[in-house]
Amino acid sequence: MIIGLTGGIGSGKSTVARAFAELGAAWVDADDVAREIVAPGEPALDAIHRRYGRAVLHPDGTLNRAALRERIFSAPAEREWLESITHPRVRERLLAHLQRLEAGPAPYVLLVSPLLFESGQDALIDRCLVVDVPEALQRERTLARDGVSREQVDAILDAQLSRDQRLSRGCDLVDNSGDTPFMREQVSALDARYRAPV
Ligand code: ADP
């Protein structure tokens, strides 16, 4: 069984995924895969290079994310083009990772992704799990972790589904607004359910 684990930035997806992994779950992080498919030599990076030129590459040939972000910031058509290049490749690569992990010893596999629904990755999963915190706490934890500006956090939040949209999808839920033991208790209960699906 493949469970899509999602939630906004700073909601605690990685923290919750690590708690599941400690109980024996396998997981793959869509952000890692999104980086893999734009590594040097990958067709997606060649396509990006052809469209925007050397300016979006570092001198060593790796992708300059900040420069690319500038190209697509407030340019919806460019963002769409970029997503049309990257999203299908991320899904394809995720599928390969998931199939490999499913063949392994873990009782179930987590697909951890901030954009599970927005990027069509929900086609790859059997059920979904939302890590939920109030937006104020999400903001506070992201600011503390990343050292980014309030404006940058707002921009990222605007690009993601709202809390209400996420909660309306009928997924399982981890309330991560409390302390670590409270989170672990919920993860433990879900782990038992995922091992013995009804
Ligand atoms: P995401 O992967 O969703 O972006 P993280 O798992 O990195 O979120 O969590 C964001 C930040 O909040 C991290 O610094 C993490 O240590 C912290 N954090 C996560 N869960 C809790 C919690 N229950 N209590 C306090 N801090 C938490």
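Residues numbered from 1 in each chain as written. Predicted model: local features only at pLDDT ≥ 70, side-chain atom pairs only at ≥ 80, totals over all residues. Heavy atoms only, no water.

1. Regarding the sheet that holds strand E1 (residues 2-6)
- Taking strand neighbours across the sheet as the criterion, the five strands line up as E2-E3-E1-E4-E5 in an open arrangement whose pairing is parallel. For this open sheet the edge positions go to strand E2 (26-29) and strand E5 (172-175), each flanked by a neighbour on one side alone. Between one strand axis and the next, the sheet turns by 25 degrees as a mean value, whatever way the strands run.
- Note: E2 against strand E3 (residues 109-112), four bridges, orientation parallel. Within E3, the residue paired with Val 28 across the bridge is Leu 111.
- Packing against the sheet, helix H5 (residues 76-102) makes contact with E1, E2 and E3, and its axis sits at approximately 170 degrees to E2.
- Set on the sheet, helix H9 (residues 180-195) makes contact with E1, strand E4 (127-132) and E5; between it and E5 the angle comes to about 160 degrees. (Pairing = 2+ DSSP bridges. Helix = DSSP H or I, 4+ residues; strand = E, 2+ residues; numbered from the N terminus. Axes fitted to C-alpha atoms, helices over the stretch in contact; angles between N-to-C directions. Contact = heavy atoms within 4.5 Å.)

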